[in-house]
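Structural overview for review
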Number of protein chains: 6
Amino acid sequence: MTSDLPLGTIDIIARAYEEDLGQRGDVTTLATIPGSHQSVAHFVARAEGCLAGVTLIEMCLLHIDDTLTVEILADDGALVDANTVVVRASGSTRSLLIAERVALNLFGRLSGIATATRAFVDAVAGTDATITDTRKTTPGLRALEKFAVRMGGGMNHRMGLYDAVLIKDNHLVASASIQDAVKEARDLVGTDMVVEVEVDTLDQLKLALNTSADTVLLDNMTPTELSAAVAMVNGTIRTEASGGVTLETVRAIAETGVDTISVGWLTHSAPSLDVAMDLTST
Amino acid sequence: MTSDLPLGTIDIIARAYEEDLGQRGDVTTLATIPGSHQSVAHFVARAEGCLAGVTLIEMCLLHIDDTLTVEILADDGALVDANTVVVRASGSTRSLLIAERVALNLFGRLSGIATATRAFVDAVAGTDATITDTRKTTPGLRALEKFAVRMGGGMNHRMGLYDAVLIKDNHLVASASIQDAVKEARDLVGTDMVVEVEVDTLDQLKLALNTSADTVLLDNMTPTELSAAVAMVNGTIRTEASGGVTLETVRAIAETGVDTISVGWLTHSAPSLDVAMDLTST
Amino acid sequence: MTSDLPLGTIDIIARAYEEDLGQRGDVTTLATIPGSHQSVAHFVARAEGCLAGVTLIEMCLLHIDDTLTVEILADDGALVDANTVVVRASGSTRSLLIAERVALNLFGRLSGIATATRAFVDAVAGTDATITDTRKTTPGLRALEKFAVRMGGGMNHRMGLYDAVLIKDNHLVASASIQDAVKEARDLVGTDMVVEVEVDTLDQLKLALNTSADTVLLDNMTPTELSAAVAMVNGTIRTEASGGVTLETVRAIAETGVDTISVGWLTHSAPSLDVAMDLTST
Amino acid sequence: MTSDLPLGTIDIIARAYEEDLGQRGDVTTLATIPGSHQSVAHFVARAEGCLAGVTLIEMCLLHIDDTLTVEILADDGALVDANTVVVRASGSTRSLLIAERVALNLFGRLSGIATATRAFVDAVAGTDATITDTRKTTPGLRALEKFAVRMGGGMNHRMGLYDAVLIKDNHLVASASIQDAVKEARDLVGTDMVVEVEVDTLDQLKLALNTSADTVLLDNMTPTELSAAVAMVNGTIRTEASGGVTLETVRAIAETGVDTISVGWLTHSAPSLDVAMDLTST
Amino acid sequence: MTSDLPLGTIDIIARAYEEDLGQRGDVTTLATIPGSHQSVAHFVARAEGCLAGVTLIEMCLLHIDDTLTVEILADDGALVDANTVVVRASGSTRSLLIAERVALNLFGRLSGIATATRAFVDAVAGTDATITDTRKTTPGLRALEKFAVRMGGGMNHRMGLYDAVLIKDNHLVASASIQDAVKEARDLVGTDMVVEVEVDTLDQLKLALNTSADTVLLDNMTPTELSAAVAMVNGTIRTEASGGVTLETVRAIAETGVDTISVGWLTHSAPSLDVAMDLTST
Amino acid sequence: MTSDLPLGTIDIIARAYEEDLGQRGDVTTLATIPGSHQSVAHFVARAEGCLAGVTLIEMCLLHIDDTLTVEILADDGALVDANTVVVRASGSTRSLLIAERVALNLFGRLSGIATATRAFVDAVAGTDATITDTRKTTPGLRALEKFAVRMGGGMNHRMGLYDAVLIKDNHLVASASIQDAVKEARDLVGTDMVVEVEVDTLDQLKLALNTSADTVLLDNMTPTELSAAVAMVNGTIRTEASGGVTLETVRAIAETGVDTISVGWLTHSAPSLDVAMDLTST
């Protein structure tokens, strides 16, 4: 809790063990490994990438057995080569085997997201644009996945529907205008919350600039349209580009001068990093 | 519970809403949409693929508002073209907007897994091999992801460490032999649970054939080695191939005559299917 | 969830019944009232005040017995005279008696907060100042208490430590300067979250104005100091006055031109509104 | 659990942190305070009062960080002057800042209740009357608030509807008589639970004395009526006075000779004690 | 909650289904029974006995499928012959099969306890003694088991350590005397809770009579000793006999004139009633 | 978790304490025993039997107070004489008294099951039959009760409906034949789960032998019928006898040559072992 990891991490780990261990536990390990047997385990990034969740490996191990000795050998956010050992753990062989899969599943997924984020961040290096995530996250893992985005050098968009206003097309169905919608939002949330409004055209943008919105989301615009939008905004409020952004298109978007580019792919489709645990009897 | 969906699905949905709504709820919607406003929403698969979780959309919608009207227009397991409407829902605009993201995040992810599975199943069509998943699943979502694999035409490997024995290399560190390890496992679990043992070589396979194991996992073998293994086994026990299987390699593996091919990628790295909710005011 | 009430309200009600009913339930009612006995109950505000939580009464009643008939006769936020009936419920006498205390405890407390807030809001009427709450709330009830503040005409300050930055004196112990601290915060949270910084003197205020902070908290300043601060800020960022504000002092503070006045007393010490349930056998 | 604090205290603390920290945690502290920074914190009662919940401060601190050093300098139940340091804690500055508000919110509220209780207990000093609480407590905090009442020198009335019978007017709607109602209750709960019956008049009291009730609640009676009731009871069963009791009226009530006086105000409206945490960098 | 069943019953049922259904559910039923198949089920007491938990069968069925039709044909507390149908349910065959075992396990166990209790109650018929349970209950099921005791005609001893005082030998290790211990207890709990004290000899009993205890527990005394004790007490406080009471010994104990006889065997060792579900396809 | 005890054991213990301690805790102990008082406690099996749950005593003690010193003096599975001390614990008298009943209730129940199982296992000694449990377990305690069966020398049947297929008569209502039903099951669960089918007659058995079932359950057959069935099976699949098996009948059943005999009585009706805690002040 005093680290950057979200408060609910321990519950995620507990549930992961519940689904893996069920009511009978790891019958293979209980049958074949004596309780007194000792080993050393190395957690390894088998592919190169950007790490996220190294301390989660430690949490997973100690959750099963707090007598294990755990050394953290690499930091979250680090870029590592293939076959880098990130954690060394020693103690009960049973405990190491029982913890292995949950630890790897979490670490591989988060490092996959961090690695993907790092690729986007590197692609826009030298521009003023920041890369952010979206709400297109894995149900139950949002806070951890947004943590991984930060470790990859990205910034976080709002955590959920509760901590910032984002007025999209669908929210305008019942409002007389963009101006009315922004005013309604500001009246509800006051000045302690950021208000953002989505626009699809420069005409809509003109209306949005005439409100108290803090940020404008420029949805599915081409780089040419984005450049025109940035010029029209002229620094009066913040700008965000969004919509089907890929590694191929992100650089051109960044060069239009938008402040932020949000990328759903980071959390809904980035592949896991290849990670493993190597065990040696001691 | 009386459907194929796992028992804990409702808790997964509840937690997804908790992380999206927090303590203040959807401030944008509450501010801009009157409580009495009505709309119709279409949930659409924007890309072609294999569906999994259509009824989850319904569960997500009714979880927020059980007065919504929901029509299911496509079945789990169906192969659909791009832009197929799978669910039509109508009622409170607020409710539809609040439910949108959680429903899409679940549906997109599961359909991504089903679509990936279907591709592997199609790739081995005409052989006797079945495609199965692994335990390399998203923490907290295993049962749903394994459901998606079934919808894609795959079979499920064990659900966790508790419902089948799988003796790997690491489990042999403390046993005198493969035969001893299998016997220890059988003594613990009896005959009501399947016992599988991993072998890396034909020499190990010979030992494994001399046990009460039900299945042998042939780890990281080439098609040539697999063919030799299948010949040696000669139908006495079941065979499973595993290790870095891809869409490119799976056909050749299947043609060796193995009974099962397990593919971790299905659940740890398959991209989400592109899905969306279209809203129309009524 | 589609109303303004926080998501966790149902859990608060469930826990309240758990602590009141224990494992044996309402033994008095079970012993003395036959299961078939019917009554009508009127929930009454015995003192004049501002209402908050009228729909909570309904939720509490239906939580115990969803066959009760409940009519809501007054709205949250309404100012009512003493002895106003706000809810009329009819059905099983047992259910009404079992639900009575939990419903009244919640309704009385929230209406006490709304009534207190309304008094402060009325006291600054005609000025541009808004009244906000603080994080000095009852553990477990924060979202409901902040809802009550809104019903009383106040605005909500941040919900917790997670949804806005507020740099206080204690946060400067490790920073070189206010400017550094604001920059560190902005680097972490980006532009999707509001950053506020507390100052105790006009000298500190000058430094704060030279940052990207959105709001400045003017802590424990006299009206004279506040006026000077407002003049120095000159509309460039938002201003908040805080520190021991009472009904006696709030008007003078508002007249200094500050944008916001935060009042901890609203949630940590406002007395409950006097409320009751009158029962008539039918 | 082996102390006087209720079993569920740890859950109350956990929920309080959940609502304060959300999914992102204390962004201000994480941004501005390095993880290695150390401080000492003094928890202070700024006003004079009676303490309750000093050990809760310790529980709150250790819940966030069990490496903090915590010294308890004052006991629950103690009467202290303004500006008394009650707890001294040292260690990670981050941990101290994250824990501050939850610890103070709990400690301030409970000490407010203890202080209020102590005032009533002092007001009846020299009489035989004891002061007790009611079920008009904050939802979710009842056991802690009743603990605070004990620390202030009061006694606890029943914890809930489950651990004692209290037959009120409303329970008589379905019974032929007070005698019938008491008999029905006694038949259900046997002799392992106390049975109390409310009466509004001396006529009703006469009926109540003709039952197996252990206690009679004299509701909203004047001191004169109470004296007559006490005389009529003549020590045969216990007597309790109840109904709108204030600090101004409690002495006269106590002098009528009633055994117990119950005061709802202690838990539904007593203001918090003014408490604070002072931090010094080390 | 408005019935005699404890508040936590629904959680017990939910947990029972969790342990029976796991993450994959009832694979046998899902595989072999189409979702549309309909049946009628009869829940039958195969042996004669006293019923407890008939409405639990309904709760279990509706928990799985609230579209089932359920008729309750016998009441809790009823004495029935072998092969009595107690519940008739119809609807989805899948739902009936999935619910069967959980419903039967609960109903059989509780009816076993009720049947055992009824045997003891009948054995003391004509005396003034009541039969009560103890705290020797199944972990997690205490409130339900105590409900079953009531259905069998018994009374409940305290629900737990929290709702009555029972001073045993072990509690005297730190007290100067029985009188001191009773006084300490009374000072803590006041008069809203019953105080009972255990004595092993008539000498101890003499001391106990000189306290404010409400009840004396006569532990492991012979009928002769009990008669002497009852004579010594002479109606001044209540008496309870306890210790290894069996169906063979209970009558003689009751005839000594003790008020209550507590029997641990009712809840720790009574065998289940033989119950079953008969299914007919419709 | 790294032991043979199920994952959820800690929650079972926590709930047991919740139901015993409620919100006020052990008022007797808090009143009569000073916090500093120390004792030594001996947990004793008063009757001879087979132990299960000795380490649960330790878990229960440390759950209340992790400063207690606990020595385990006997192993689960051990056969002990009456009056054997199995655990010696020392430390806070309060903690020992608070933990006593929960620890004994769990230990006595599990040892009762182990003792009963051991009796059945001994009764079939010298035959090839193994004794197994059923799903007729106490709701909420299944995994612990099946652990106790293992400690008594029995084997576990499936843990629930989710980890093995068992096709009973009722499952055939919607299938054309036993062969169809087995095929449907195998198609759903694949080869990673055991499929068992129940038969009542030798005719049905003949059909079952013509399927891919792994085991056949011979329901309610006489020893003569069982012998004929075993002969017909002739070792091609496994055989299980079931239905009203008692200590009197189990030997004859075992001598028919069946592989497994399942006994519901072990978990639904076995009496608790008599256990106690003896306390000595230190």
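Bear in mind the structure is a predicted one, so any value in this text is a computation, not a measurement. (Residues numbered from 1 in each chain as written. Chains lettered and ligands numbered in written order. Predicted model: local features only at pLDDT ≥ 70, side-chain atom pairs only at ≥ 80, totals over all residues. Heavy atoms only, no water.)

A word on the nonpolar core
Residues and elements named next belong to chain E. Ranked by size, the top nonpolar core spans 93 residues in total, and within it F43, L61, I131, I167, V216, L218 and I261 carry the most contacts. Of the residues forming this core, the biggest block, 16 residues, is contributed by helix α4 (residues 93-123). What L218 contacts, discounting residues up to four positions off in sequence, is V199, L205, L226, A229, T239, E240, A241, S242 and V258. (Core = buried A, V, L, I, M, F, W, Y, C linked by side-chain atoms within 4.5 Å. Buried < 20%, exposed > 50% of the residue type's maximum accessible area, 1.4 Å probe, protein only. Helix = DSSP H or I, 4+ residues; strand = E, 2+ residues; numbered from the N terminus. Contact = heavy atoms within 4.5 Å.)

Comments concerning the pattern of salt bridges
Counted by the stated rule, this structure contains 52 salt bridges over all chains. The partner of R118(C) in a salt bridge is D122(C), with the nearest N and O atoms 3.3 Å apart. Within this pair, R118(C) and its partner D122(C) are both found in helix α4 (residues 93-123), separated by four residues, close to a single helical turn. Between E71(F) and R88(F) there is a salt bridge, with its nearest N and O atoms 3.3 Å apart. Residue E71(F) is located in strand β3 (residues 69-72), and its partner R88(F) is located in strand β5 (residues 84-92); the two are separated by 17 residues in the primary sequence. Under the relative-accessibility criterion, E71(F) is labelled partly exposed at 37%. According to the relative accessible area criterion, R88(F) is partly exposed, its value standing at 31%. Salt bridges here are not isolated pairs; linked through shared partners, they connect D20(A), R135(B) and R142(B). (Salt bridge = Lys/Arg side-chain N within 4 Å of Asp/Glu carboxyl O.)

Topic: the interface of chain E and chain F
The figure often quoted for interface size is the accessible area lost as the parts come together. Across the boundary between the two partners, chain E contributes 60 residues, which contact 60 residues of chain F. When residues of chain E are sorted by the area they lose upon contact with chain F, E19(E), P139(E) and L161(E) head the list and together hold 14% of the total. Between D20(F) and R135(E) there is a salt bridge, and its shortest N-O distance comes to 2.7 Å. At the level of elements, α1 (9-21), α2 (27-32), α4, β7 (165-167), α6 (178-189), α10 (265-268) and β12 (275-281) of chain E are the ones that each hand at least two residues to the side of chain E that touches chain F. Sort the elements by how many residues they give to the side of chain E that touches chain F and α4(E) lands first, with seven residues. For the side of chain E that touches chain F, the residue count by class is 28 nonpolar, 20 polar and 12 charged. (Buried area = accessible area lost by both parts, 1.4 Å probe. Nonpolar A, V, L, I, M, F, W, Y, C, P; charged D, E, K, R; others polar.)

Observations concerning α4(C)
Residue and element names in this part refer to chain C. Between its terminal C-alpha atoms α4 stretches 43 Å, which fits the 45 Å expected from 31 residues at 1.5 Å a residue. For α4, the principal kink sits at E100 and spans about 40 degrees. Here α4 lies mainly inside the structure; 26 of its 31 residues are buried. The opening residue of α4 is S92, an N-cap whose side-chain oxygen sits 3.3 Å from the backbone nitrogen of R94. (Expected span 1.5 Å × (residues − 1). Bend = angle between axes of the 7 residues up to and from the residue. Polar contact = N/O pair within 3.5 Å; in protein donor to acceptor, adjacent residues only side chain to side chain.)

Section: the environment of V216(D)
Residue and element names in this part refer to chain D. Take V216: it is sitting in strand β9 (residues 215-219). Expressed as a C-alpha distance, the spacing of V216 and E240, which sit 24 residues apart in the sequence, is 6.2 Å. If we ignore the near neighbours within four places in the chain, the residues touching V216 are E196, V197, V199, L205, A208, V233, I237, R238, T239 and E240.

Some points on a negative patch on the surface
Together, D11(A), E18(B), D11(C) and E18(D) make up a region of like negative charge exposed at the surface. Tracing the chain through its elements places D11(A) in helix α1 (residues 9-21). When its relative accessible area of 41% is taken as the criterion, D11(A) is described as partly exposed. (Patch = residues over 30% accessible without salt bridge, like charges linked within 9 Å, V, L, I, M, F, W, Y side chains within 5 Å. Areas by Shrake-Rupley, 256 points an atom, 1.4 Å probe, with all protein chains shown as cover. Lys, Arg positive; Asp, Glu negative; His and termini not counted. Charge placed at Lys NZ, Arg CZ, Asp CG, Glu CD.)

Comments concerning the interface of chain A and chain C
Residue-level contacts link 19 residues of chain A with 19 residues of chain C. Each partner contributes to the roughly 1400 Å² buried at the junction of chain A and chain C, and carbon and sulfur atoms together form 51% of this total. Considering only the side of chain A, the residues that lose the most area to chain C are M155(A), T191(A) and D192(A), jointly responsible for 38% of the buried surface there. At the junction of chain A with chain C, the criterion picks out zero salt bridges. For the pair chain A and chain C, the interface holds six residue pairs in polar contact (both at pLDDT 80 or more). Per element, the largest residue contribution to the side of chain A that touches chain C is four residues, and it comes from helix α6 (residues 178-189) of chain A. Split by residue class, the side of chain A that touches chain C holds seven nonpolar, four polar and eight charged.

Describing helix α5 (residues 142-151) of chain A
All names here are of chain A. Summarising burial for α5: 10 of the 10 residues are buried, a large majority. Those residues of α5 that sit buried are R142, A143, L144, E145, K146, F147, A148, V149, R150 and M151. Backbone geometry just downstream of α5 places G153 in the positive-phi region, at approximately 95 degrees.

Observations regarding the packing of α1(E) against α4(E)
All names here are of chain E. In the contact formed by α1 and α4, the axes pass within 10 Å of each other and the chain directions differ by 125 degrees. Classified by the interaxial angle, the pair formed by α1 and α4 is oblique. Read as a crossing pair, α1 and α4 show a hand that is right-handed. Contacts between α1 and α4 involve I12, I13, A16, Y17, D20 and L21 from the former and I98, A99, R101, V102 and L106 from the latter. Residue classes in the contact of α1 with α4 are distributed as nine nonpolar, no polar and two charged. (Axes fitted to C-alpha atoms, helices over the stretch in contact; angles between N-to-C directions. Parallel < 35°, antiparallel > 145°, perpendicular 65-115°, else oblique. Left-handed = near helix turned anticlockwise from the far one by under 90°.)

Quick look at unusual backbone geometry
Of note in this structure, N83(A) is not a glycine but carries a positive phi near 70 degrees. With respect to the element layout, N83(A) can be found in the loop between β4 (79-80) and β5 (84-92). The backbone of N220(D) shows a phi angle near 55 degrees, a positive value even though the residue is not glycine. Along the chain, N220(D) turns up in the loop between β9 and α8 (223-233). Judged by relative accessible area, N220(D) falls into the exposed class, the value being 55%.

Description of the sheet that holds strand β6 (residues 130-132) of chain D
Residue and element names in this part refer to chain D. Here six strands make up an open sheet; going across it, the order is β6-β11-β10-β9-β8-β7 and the pairing parallel. This sheet does not close on itself; its edge strands, each paired only once, are β6 and β7 (165-167). Along the sheet, successive strands turn relative to each other by an average axial angle of 25 degrees, direction set aside. (Pairing = 2+ DSSP bridges.)

Looking at the domain arrangement of chain A
Residues and elements named next belong to chain A. Taken domain by domain, chain A comprises domain 1 (9-121 + 270-281) and domain 2 (126-268). In this assembly, 22 residues from domain 1 lie in contact with 22 residues from domain 2. Taken together, the two surfaces of domain 1 and domain 2 that pack against each other cover about 1700 Å², and 77% of this comes from carbon and sulfur. When the buried surface of domain 1 facing domain 2 is broken down by residue, I113, T117 and F120 rank first, second and third, together holding 37% of it. Applying the counting rule to domain 1 against domain 2 returns two residue pairs in polar contact (both at pLDDT 80 or more). Only α1 and α4 (93-123) provide two or more residues apiece to the side of domain 1 that touches domain 2. No other element matches the 11 residues that α4 contributes to the side of domain 1 that touches domain 2. Class assignment for the residues of the side of domain 1 that touches domain 2 results in 15 nonpolar, four polar and three charged. (Domains from an automatic or database assignment.)

Some points on the relation of the copies chain E and chain F
Expressed as a screw operation, the relation of chain E to chain F combines 0.0 Å of axial shift with a rotation of 180 degrees, fitting to an RMSD of 0.1 Å. The relationship between the two copies is best expressed as a two-fold rotation axis. Comparing interface residues between copies, 100% of those in chain E also sit at the interface in chain F, which points to an isologous, same-surface contact. (Least-squares fit on C-alpha atoms with pLDDT ≥ 70 in both.)

Section: the state of the cysteines
Under the defined criterion, the tally for this structure stands at zero disulfides over all chains. You can see C50(B) has no disulfide; the closest cysteine sulfur is in C60(B), sitting 19 Å from it. (Disulfide = S-S within 2.5 Å.)

What about the sheet that holds strand β9 (residues 215-219) of chain F?
Note: strands within a sheet are paired through backbone hydrogen bonds, in either parallel or antiparallel orientation. All names here are of chain F. The strand order across the open sheet formed by six strands is β6-β11-β10-β9-β8-β7, and the pairing between neighbours is parallel. Looking at the sheet topology across the chains shown, the edges are occupied by β6 (130-132) and β7 (165-167). Ignoring which end each strand starts from, the neighbouring axes of this sheet average 25 degrees apart. Strand direction decides the pairing type here: β7 and strand β8 (residues 195-199), joined by three bridges, are parallel. Following the sheet pairing, I167 is matched in β8 by V197. In the packing of helix α6 (residues 178-189) onto the sheet, the strands contacted are β7 and β8, and the crossing angle to β8 comes to about 160 degrees.

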